[in-house]
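Below are the chains, spelled out letter by letter.
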Amino acid sequence: MKKRILLLAGGQSGEHEVSLMSARSVLNALPRDQFDVTPVVISKQGRWLPPTETQRALDSGEAPTGGDLVLHRAASAEGYDAVFPLLHGPMGEDGTVQGLLTLAGIPFVGSGVLGSAVSMDKIMTKQVLASAGIPQVAWALAVRREWQAQPDTVRERAAALGYPLFVKPANLGSSVGISKVSSAEELDGALDLAFSLDRRVILEAMTAHKPREVEVGILGNDAPIASPVGELRFDADFYDYETKYTEGRASMHIPAPLPTEVADQIRSLALRAFRALDCAGLARVDFFYVEETGELLLNEVNTMPGFTTTSMYPKLFEAAGLNYSALVTRLVELALEER
Ligand code: ADP
Ligand code: MG
Ligand code: MG
């Protein structure tokens, strides 16, 4: 019997278009002799599109309008064996859709409510990983009310971290709303921007030198495995939105040219983080490697990483001998696995 799979794509976040690209790749790759796949695109307004409109959105790669309310569709999703929520960012990767699917009783690819929600939130992630003894940059939290009512206390917190520092909305991705702040004069503008996108903001000390950015893929549920380590190189001050999504601005190196002990340490820290955050299925764990000091710092955990055939996560497992089609098949198997 073929498994019936519902592939969710698009979604309400700024990463809508990235998700559509990933979904096209997954649709092509799921073996048709094993799976019956129904794609549903979610519009930026959060409405679930019927088949013809979904197809149009996948073909054009653009944010569509129209569609049904989300709850109506979830109720009618009962006939599926599993859902692949290929959604990035808020309202997709953050536990909300995972909660809906849990309520509907349908198995799905990737982390559950807890792992998704905690990993999406940069502050909660830092807190959980700190308690698991995983090395990270120094950081501080600020909430919008504080910034409005007592801005000086927030400015003091920033000064204590020292400049340059990074200011980030707690719950976004794709570098949206992130600023590198070189001096106190630039702080207010960076905080205003971050608070326009999120109620909670994280301030992070910058690594002592410009770090190398290395990433590792994790695959599995309660017995996860780690891929080889990959490296991103780019010619920009930091890995901002432009650099991420402009063709040719960044290059991927797999395996990353690193001493074996460093690569092994990255894999082992990533597995510890995956367990500490209660992730499942897949995650891409991103690190800063400060070559000058030998420091290895965990930056973030992405529970639904970019998933086109040329994205880092699938490329990491391809290097481990698992091709794209075998990888998506494995992810669906993991979703159906008894835990
Ligand atoms: P996102 O979830 O949007 O990808 P990140 O936390 O990964 O956000 O930050 C985006 C980029 O900003 C990183 O890939 C890196 O280039 C730079 N960056 C972020 N935080 C720091 C830091 N503390 N020190 C040095 N560079 C940083
Ligand atoms: Mg991220
Ligand atoms: Mg990142």
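As the structure is a computational prediction, the values presented were derived from the model and not from experiment.

A. Quick peek at the overall build of the protein. On a plain count of helices and strands, the protein comes out with 13 helices and 12 strands. Relative to a compact globule of 339 residues, whose C-alpha radius of gyration would be 20 Å, the protein shows 20 Å and is just as compact. Principal-axis analysis of the C-alpha atoms places the extent of the protein at approximately 60 × 50 × 40 Å. For the protein, the share of sequence-separated contacts (at least 6 apart) that also reach a separation of at least 24 residues comes to 65%. Per element, the accessible surface of the protein, about 14,700 Å² overall, is 51% carbon and sulfur. Positive and negative side-chain charges in the protein, numbering 31 and 43 respectively, have mean positions lying 3 Å apart.

B. Structural detail: the packing of aromatic side chains. Under the criterion given, the structure shown has 8 aromatic pairs. Each ring, one from Phe-166 and one from Phe-238, has its centre 5.2 Å from the other, and the planes form 90 degrees; the classification is edge-to-face. Within this pair, whereas Phe-166 is found in strand β5 (residues 165-169), its partner Phe-238 is found in the loop between β9 (225-234) and α10 (241-245), the two being separated by 72 residues in sequence. In this structure Phe-166 comes out as buried when scored by relative accessible area, which is 14%. A relative accessible area of 16% places Phe-238 in the buried class. When the ring of Phe-234 is compared with that of Tyr-239, the centres are 4.9 Å apart and the planes differ by 20 degrees; the resulting orientation is stacked. On the accessibility criterion, Phe-234 (14% relative accessible area) is buried.

C. Layout of the site of ligand 1. Near ligand 1 lie 20 residues; those nearest to it are Lys-122, Lys-168, Ser-175, Glu-213 and Lys-244. Lys-122 places a polar side-chain atom, nitrogen or oxygen, 2.6 Å from an oxygen atom of ligand 1. At 2.5 Å, a backbone N or O of Ser-175 approaches an oxygen atom of ligand 1. Notes on ligand 1: free accessible area 550 Å², of which the protein chains cover 97%. Residue assignment for the shell around ligand 1 shows that the elements contributing at least two residues are β5, β7 (200-205) and β12 (295-302). Class assignment for the residues of the shell around ligand 1 results in 9 nonpolar, 5 polar and 6 charged.

D. Looking closely at the sheet that holds β7. Read across the sheet, 4 strands follow the order β4-β7-β5-β6 without closing on themselves; strand pairing throughout is antiparallel. Either end of the sheet is taken by a strand with one partner, and the two such strands are β4 (139-143) and β6 (179-181). Between one strand and the next, the sheet's axes are offset by a mean angle of 25 degrees, whatever the strand orientation. Note that β5 and β6 share 3 bridges and pair antiparallel. Within β6, the residue paired with Val-167 across the bridge is Ser-179.

E. Main features of helix α6 (residues 122-131). Of all the residues in α6, the buried ones are Lys-122, Ile-123, Thr-125, Lys-126 and Leu-129. All buried residues of α6 fall inside an arc of 160 degrees around its axis, so they share one side. Taken together, the buried residues of α6 touch α5 (113-120), β4, β5, β7, α11 (260-276) and β12. Its side-chain oxygen at 3.0 Å from the backbone nitrogen of Ile-123, Asp-121 defines the N-terminal cap of α6. Positive backbone phi, at 70 degrees, marks Gly-133, one or two positions downstream of α6.

F. View of the coordination of the magnesium ion (ligand 2). At this site the magnesium ion (ligand 2) is bound by Glu-300 (OE), Glu-300 (OE) and Asn-302 (OD1), with donor distances of 2.1 to 2.6 Å. A separation of 3.8 Å is found between the magnesium ion (ligand 2) and the magnesium ion (ligand 3), which share Glu-300 as a coordinating residue. For the residue pair Glu-300 and Asn-302, the accessibility class agrees, reading buried in each case.

G. Layout of the environment of Asp-33. In this fold, Asp-33 is placed in the loop between α1 (16-29) and β2 (35-42). In sequence terms Asp-33 and Met-1 are 32 residues apart; their C-alpha atoms lie 9.4 Å from each other.

H. Molecular detail of the sheet that holds β2. Spatially, 3 strands are ordered β2-β1-β3 in an open sheet, and the strand pairing comes out parallel. Because the sheet does not close on itself, it has two edges, and the strands there are β2 and β3 (82-85). Within this sheet the neighbouring strands show an average axis-to-axis angle of 20 degrees, counted without direction. Pairing geometry for strand β1 (residues 3-10) and β3, over 4 bridges, is parallel. Directly across from Ile-5, in β3, lies its bridge partner Ala-82.

I. Representation of the pattern of salt bridges in the model. What the rule picks out here adds up to 18 salt bridges. A salt bridge links Glu-146 to Arg-157; the nearest nitrogen and oxygen atoms lie 2.6 Å apart. With Glu-146 in helix α7 (residues 144-149) and Arg-157 in helix α8 (residues 151-161), this pair connects stretches of sequence that are 11 residues apart. Note on Glu-146: relative accessible area 19%, which makes it buried. The partner of Arg-267 in a salt bridge is Asp-264, and the shortest N-O contact between them spans 2.6 Å. Of this pair, Arg-267 and Asp-264 both sit in helix α11, 3 residues apart, which is roughly one turn of the helix. In this structure Asp-264 comes out as partly exposed when scored by relative accessible area, which is 39%.

Cut-offs and rules
Residues numbered from 1 in each chain as written. Chains lettered and ligands numbered in written order. Predicted model: local features only at pLDDT ≥ 70, side-chain atom pairs only at ≥ 80, totals over all residues. Heavy atoms only, no water. Helix = DSSP H or I, 4+ residues; strand = E, 2+ residues; numbered from the N terminus. Rg over C-alpha atoms; globule rule 2.2 N^0.38 Å. Contact = heavy atoms within 4.5 Å. Areas by Shrake-Rupley, 256 points an atom, 1.4 Å probe, with all protein chains shown as cover. Lys, Arg positive; Asp, Glu negative; His and termini not counted. Charge placed at Lys NZ, Arg CZ, Asp CG, Glu CD. Phe/Tyr/Trp six-rings, centres within 6.5 Å; stacked < 30°, edge-to-face > 60°. Buried < 20%, exposed > 50% of the residue type's maximum accessible area, 1.4 Å probe, protein only. Near = heavy atom within 4 Å. Polar contact = N/O pair within 3.5 Å; in protein donor to acceptor, adjacent residues only side chain to side chain. Nonpolar A, V, L, I, M, F, W, Y, C, P; charged D, E, K, R; others polar. Pairing = 2+ DSSP bridges. Axes fitted to C-alpha atoms, helices over the stretch in contact; angles between N-to-C directions. Arc of directions from axis to C-beta. Donors = N, O, S within 2.8 Å, 3.2 Å for Na, K, Ca; no water. Salt bridge = Lys/Arg side-chain N within 4 Å of Asp/Glu carboxyl O.

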